[in-house]
Amino acid sequence: MKAKEELIAQVKKGTIPTHIAIIMDGNGRWAKQRGLSRIKGHQAGVKAVRKIVETSGNLGIKYLTIYAFSTENWRRPENEAKAVLTLIENTLMKEINNLAKNNVIVHFIGSQKGLKKSFIEKINKAYQKTKNNTGLNLIIAINYGGRNEIIETINNILSKQLNIITETEFSNYLYTSKFPDPDMVIRTSGEIRISNFLIWQAAYSELWFTKTLWPDFNSEEYMQAILDFQKRNRKFGGVK
Ligand code: IPE
Ligand code: IPE
Ligand code: MG
């Protein structure tokens, strides 16, 4: 067997995490190292996404959430923010048939405020087109911020004049209501922080960091991360 197939077999012997969430960071530095524009780094990042989505499907992971654009990313120069959103839109249009064929369900989480109407229509269509699939749930976080999500949720609850609330009821109003909490959060590029990603949902996630820049992140390293996860002793505050 080839090294990669051996790795797949090894990972499959252990418990496969139900939900992996990834902070895909380091596109800008990857480009800078090569004397390229930051947008070239984002374009290279798309290739890594394709590989990780494919591997997730092969491993039988049920939910993969990827952080593509944060509410804080509007602080970047306008041309970069726009270029990233356009890249997401174009990639989605290019890949949607393939994703649909591969049994992927494409979901989006994030705030609609500030996004173009035509973009929102496209993401709604992508979900409609794939919602009856039964394979990997690919959740793309666009214009997503954890604090913003919590505030939007509270305002939604207040507008319904509901008397909340338990943790479960609150979770049922978040963007992520249909998904289990992530078992593991991966961040590339050497930054050791959460950057406002799934701050409610990741309360008990296993965290895994690598110095690898996102465009260089590959299936082998992804599977190494999962092997590490399989060695963790998850206690959720209890005794084990
Ligand atoms: C992550 O890469 C992609 C987005 C946040 C959109 P960065 O663009 O943050 O890359 P670095 O951190 O500057 O290297
Ligand atoms: C987090 O990366 C957001 C995404 C990956 C979309 P950033 O590069 O924006 O995070 P900070 O600014 O370094 O915390
Ligand atoms: Mg970054």
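What you see is a predicted model, and the numbers here were worked out from it, not measured in a lab. (Residues numbered from 1 in each chain as written. Chains lettered and ligands numbered in written order. Predicted model: local features only at pLDDT ≥ 70, side-chain atom pairs only at ≥ 80, totals over all residues. Heavy atoms only, no water.)

J.: Sorry, what's going on with helix α4 (residues 78-101) here?
T.: Since the α-helix advances by 3.6 residues per turn, residues separated by three or four positions end up pointing in the same direction. For α4, which comprises 24 residues, the first-to-last C-alpha distance of 35 Å matches the rise-based estimate of 34 Å (1.5 Å per residue) to within 8%. Within α4, the axis deviates most sharply at Glu 95, by approximately 50°. Where α4 terminates, the next one or two residues include Asn 103, which has phi positive at roughly 70°. (Helix = DSSP H or I, 4+ residues; strand = E, 2+ residues; numbered from the N terminus. Expected span 1.5 Å × (residues − 1). Bend = angle between axes of the 7 residues up to and from the residue.)

J.: How do you make sense of the confidence of the model for the protein chain when you look at a structure like this?
T.: Close inspection of predicted coordinates is inappropriate for parts of the model with low pLDDT. The predicted model of the protein chain has a mean per-residue pLDDT of 96, with 99% of residues at 70 or higher. Per-element mean pLDDT across the protein chain ranges from 93 in helix α1 (residues 3-13) up to 99 in strand β1 (residues 19-23). (pLDDT = per-residue confidence, 0-100.)

J.: Honestly, the packing of aromatic side chains in this entry has me stumped. Any pointers?
T.: Aromatic ring pairs are defined here through the distance separating the ring centres and the angle between the ring planes. A full pass over the atoms with the stated rule returns 10 aromatic pairs. A ring pair is formed by Tyr 67 and Phe 197, whose centres lie 4.3 Å apart and whose planes are at 15°; its orientation type is stacked. Placement of the pair is Tyr 67 in strand β2 (residues 63-70) and Phe 197 in the loop between β5 (184-187) and β6 (206-209), with a sequence separation of 130 residues. Between Phe 217 and Tyr 222, the ring centres sit 6.2 Å apart and the planes meet at 70°, which makes this aromatic pair edge-to-face. Of the two residues, Phe 217 and Tyr 222, both sit in the buried class. (Phe/Tyr/Trp six-rings, centres within 6.5 Å; stacked < 30°, edge-to-face > 60°. Buried < 20%, exposed > 50% of the residue type's maximum accessible area, 1.4 Å probe, protein only.)

J.: So what exactly am I meant to see when it comes to the sheet that holds strand β3 (residues 105-109) here?
T.: Overall, parallel pairing links the six strands, which are arranged β3-β4-β2-β1-β5-β6 in an open sheet. With one partner strand each, in any of the chains shown, β3 and β6 form the two edges of the open sheet. The sheet shows a mean angle of 20° between the axes of neighbouring strands, direction not considered. Packed onto the sheet, α4 meets β2, β3 and β4 (137-144) and runs at close to 150° relative to β2. (Pairing = 2+ DSSP bridges. Axes fitted to C-alpha atoms, helices over the stretch in contact; angles between N-to-C directions. Contact = heavy atoms within 4.5 Å.)

J.: It is not clear to me how the site of ligand 2 should be interpreted in this structure. Could you clarify?
T.: Close to ligand 2 lie Ile 23, Met 24, Asp 25, Tyr 67, Ala 68, Phe 69, Ser 70, Asn 73, Arg 76, Arg 187, Arg 193 and Ser 195. In the environment of ligand 2, an oxygen atom lies 2.6 Å from a nitrogen or oxygen atom belonging to the side chain of Ser 195. About the coverage of ligand 2: the protein hides 78% of its 390 Å² of free accessible area. Partitioning the shell around ligand 2 into residue classes produces five nonpolar, three polar and four charged. (Near = heavy atom within 4 Å. Polar contact = N/O pair within 3.5 Å; in protein donor to acceptor, adjacent residues only side chain to side chain. Areas by Shrake-Rupley, 256 points an atom, 1.4 Å probe, with all protein chains shown as cover. Nonpolar A, V, L, I, M, F, W, Y, C, P; charged D, E, K, R; others polar.)

J.: Explanation requested: the nonpolar core in the structure shown.
T.: Buried together is how nonpolar side chains tend to be arranged in soluble globular proteins. In terms of nonpolar packing, the biggest core is built from 43 residues, with Ile 20, Ile 22, Leu 64, Ile 142, Ile 186 and Tyr 222 touching the most fellow members. Ranked by residues supplied to this core, first place goes to α4 with seven residues. For Ile 142, the contacting residues outside a window of four places in its chain are Ala 68, Phe 69, Leu 85, Ile 88, Phe 108, Ile 109, Gly 110, Ser 111, Leu 115 and Phe 119. Residues Ile 23, Tyr 63, Tyr 67 and Ile 109 belong to the second largest nonpolar core, which totals 13 residues. (Core = buried A, V, L, I, M, F, W, Y, C linked by side-chain atoms within 4.5 Å.)

J.: Teacher, can you tell me more about the packing of α1 against helix α8 (residues 219-231) here?
T.: The angle between the axes and the distance between the axes are what describe a pair of packed helices. Close contact between α1 and α8 brings their axes to 10 Å; oriented N to C, the two are set at 25°. Between α1 and α8, the angle falls in the class roughly parallel. Like other packed secondary-structure pairs, α1 and α8 cross with a definite hand, here left-handed. When α1 is examined against α8, the residues Lys 4, Leu 7, Ile 8, Gln 10 and Val 11 are found in contact with a partner set consisting of Ser 219, Glu 220, Met 223, Gln 224, Ile 226, Leu 227 and Gln 230. (Parallel < 35°, antiparallel > 145°, perpendicular 65-115°, else oblique. Left-handed = near helix turned anticlockwise from the far one by under 90°.)

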